Amino acid sequence: MDKLLIKNIGLLATPTGASARCGSDQGSVLIRKDAWILIEGETIASVGQGGPPRDLPMLDAEGALVTPGLVDAHTHLVFGGWRQNELGLKLHGASYLDILASGGGILSTVRATREASFDELYEKAESALNEMLSFGVTTAEAKSGYGLDLDTEIRQLEVVQKLNETHPMDLASTFLGAHAVPEEYRHDRGAYIRFLCDTAIPLVAERKLASFCDVFCEKGVFTAEESRTILETGKRYGLIPKIHADEIEPIGGTELTDGIGAISAEHLIVCQKSGIEALKKGGTVACLLPATSFYLGSTYAPARDMIDAGVPVACATDFNPGSCPSLNIQLVMNLACLKYRLTPEEMLTAVTLNGAAAIGMADRTGSLEKGKQADLVLWNAPDLDYLGYRMGSNLVRTVIKKGKIQRLNKEGLSI
Ligand code: IZC
Ligand code: ZN
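Rules behind the numbers
Residues numbered from 1 in each chain as written. Chains lettered and ligands numbered in written order. Predicted model: local features only at pLDDT ≥ 70, side-chain atom pairs only at ≥ 80, totals over all residues. Heavy atoms only, no water. Helix = DSSP H or I, 4+ residues; strand = E, 2+ residues; numbered from the N terminus. Buried < 20%, exposed > 50% of the residue type's maximum accessible area, 1.4 Å probe, protein only. Donors = N, O, S within 2.8 Å, 3.2 Å for Na, K, Ca; no water. Pairing = 2+ DSSP bridges. Near = heavy atom within 4 Å. Polar contact = N/O pair within 3.5 Å; in protein donor to acceptor, adjacent residues only side chain to side chain. Areas by Shrake-Rupley, 256 points an atom, 1.4 Å probe, with all protein chains shown as cover. Nonpolar A, V, L, I, M, F, W, Y, C, P; charged D, E, K, R; others polar. Salt bridge = Lys/Arg side-chain N within 4 Å of Asp/Glu carboxyl O. Axes fitted to C-alpha atoms, helices over the stretch in contact; angles between N-to-C directions. Arc of directions from axis to C-beta. Contact = heavy atoms within 4.5 Å. Phe/Tyr/Trp six-rings, centres within 6.5 Å; stacked < 30°, edge-to-face > 60°. Lys NZ or Arg CZ within 6 Å of the ring centre and 35° of its normal.

Enquirer: Give me unusual backbone geometry: which residues, what numbers.
Expert: Look at D34: it is not a glycine, yet its phi comes out positive at around 50°. Here D34 shows up in strand β2 (residues 30-40). Residue classification places D34 among the partly exposed positions, given a relative accessible area of 44%. Backbone geometry at E62 places phi at a positive 50°, although glycine is not the residue there.

Structural data, given as structure tokens:
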């Protein structure tokens, strides 16, 4: 088996364990100075301090900070078109929900995605994944939700499936047919929900195209009761529930999480005390998306209250063409410190182990420990404070995914 020694690690920083960390544990990360990591094949064989084993193929970290590969646990990776036309609308005062209600927003991306071929969607998503990897992301989640019809939803999920086979990044796949009610069902939303529950969910599950089922529970989109129906149907077919809740208006989505056993709840910008209690009770990961708050010009999720209440917090980009057209998880890391007031240690856990837990992958990635996948980032940074403090530059020096050094060139990714 191929061996690779990463030596001269100035500072190794990692959460530990195979499940989400909450409360004071979220901020208690393992820090080792003058460390090394021995990789065998795709796996971490050992982690040590001081004099490393000799005579092995090695990569000199030259004193760099090394962390686990980052996990972007919430993205809308696959879509056609962009929505730059919405900038002018916003500058004239239109809100996100105004634009959606007038047939734009998600619905305009649905039109562009329905028109796009498999290859067009694949190439666009592949180039987004390359950019994510260049920012230090080694594992990501990808949702459907821009088809809202059988063919296009399946096409989006097939793109994710193929990328999972061809691209170095590990992808978790989420069915988000309940992202909006499509225009053709505008006068019969009940019929769309029946289509999701009777046709789409059973087919997605049978074809093993997704592990998770998600709903956009929001004023003017899906109510809490509709969300419950859809997520419970998904669950009966083996799809684990996730929920977009409390992004704009608090309509009871977060309060559903313990009852339905959601693995994660997303956004939570206007989450109330009752929502935090439900998350705690259900052991649900709060997957927070601060770059979306920035982009919407809204408030920020009560991340500190969540950590203090013992809710595990993850942070992700929410990459999508409307409310967060950015793949830069390092910007999310800045915002997590500056706006959520997370310590750099809590922030690291949020974008590694807790992100992995939000997509059911904490047993194999998210920390630098013997037996985990060798997914790691060497940084142009001396310590964790530096990652929260510098802003706007890409601080990644080298990304290693499953033991392989990743290189980006003009043509894309070459390993
Ligand atoms: O395309 O607007 N919030 N879904 C829920 C989104 C944002 C993505 C979009
Ligand atoms: Zn989203």
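Enquirer: Can you break down the coordination of the zinc ion (ligand 2) residue by residue, with the values?
Expert: Every protein donor of the zinc ion (ligand 2) is listed here as H74 (NE2), H76 (NE2), H244 (NE2) and D318 (OD), and their distances to the metal cover 2.0 to 2.7 Å. The sequence pattern formed by the donor residues of the zinc ion (ligand 2) is H-x1-H-x167-H-x73-D. Here H76, found in the loop between β6 (70-72) and α1 (85-91), pairs with H244, found in strand β10 (residues 240-245); they are 168 residues apart in sequence, far enough to count as distant. By relative accessible area, which is 2% here, H244 ends up buried.

Enquirer: Residues and numbers for the pairing of strand β1 (residues 3-14), please.
Expert: Consecutive side chains along a regular strand alternate between the two faces of the sheet. Alignment of β1 against β2, held across nine bridges, turns out to be antiparallel. The partner of L4 across the bridge, within β2, is I39. Relative to strand β4 (residues 58-60), β1 runs parallel, the two being bridged by three bridges. For K7, the partnering residue across the bridge sits in β4 and is D60.

Enquirer: Any chance you could break down the site of ligand 1 for me, citing the residues and the numbers?
Expert: Around ligand 1, the structure places H76, R83, Y96, I106, Y146, H179, F216, H244, E247, N320 and S323. The side chain of H179 places a nitrogen or oxygen atom 2.7 Å from a nitrogen atom of ligand 1. One of the side-chain nitrogen or oxygen atoms of E247 is found 3.0 Å away from a nitrogen atom of ligand 1. Across the complex, the protein chains shield 100% of the 270 Å² of accessible surface that ligand 1 would expose by itself. Taken together, the residues of the shell around ligand 1 break down into four nonpolar, five polar and two charged.

Enquirer: Explain the pattern of salt bridges residue by residue, including any values.
Expert: Taken as a whole, this structure holds 20 salt bridges when the rule is applied. Between E62 and R397 there is a salt bridge, and its shortest N-O distance comes to 2.5 Å. A residue pair is termed long-range when its members are at least 10 positions apart, and E62 in the loop between β4 and β5 (65-68) and R397 in strand β15 (residues 396-401) qualify at 335 residues. Here E62 falls in the exposed class, since its relative accessible area comes to 58%. Salt bridges linked by common partners bring D170, D375, K401 and K402 together as one network.

Enquirer: Can you tell me about the sheet that holds strand β12 (residues 285-288), naming the residues and giving the values?
Expert: The strand order across the open sheet built from eight strands is β6-β7-β8-β9-β10-β11-β12-β13, with neighbouring strands paired in parallel fashion. Bordering the open sheet on either side are β6 and β13 (313-315), each of which pairs with just one other strand. The sheet shows a mean angle of 25° between the axes of neighbouring strands, taken without regard to direction. As judged from the three bridges shared by strand β8 (residues 170-178) and strand β9 (residues 212-215), these two strands associate in the parallel manner. Within the sheet, the bridge partner assigned to F175 lies in β9 and is C213.

Enquirer: Before we move on, can you summarise helix α3 (residues 106-115) with the specific residues and values?
Expert: Among the residues making up α3, those that are buried are I106, L107, T109, V110 and T113. Along α3, the residues classed as buried sweep out an arc of 155° about the axis, all on the same side. Where the residues of α3 are buried, they touch α2 (96-101), α4 (118-134) and α5 (150-166).

Enquirer: Break down the packing of aromatic side chains for me, citing the residues and quoting the values.
Expert: Under the definition given, this model contains ten aromatic pairs. Both rings, one in Y185 and one in F195, keep their centres 6.5 Å apart while their planes meet at 25°; by these two values the pair is stacked. Placement of the pair is Y185 in the loop between β8 and α6 (189-206) and F195 in helix α6, with a sequence separation of ten residues. Stacked on the ring of F212, the Lys or Arg K242 has its end atom at 4.9 Å from the ring centre.

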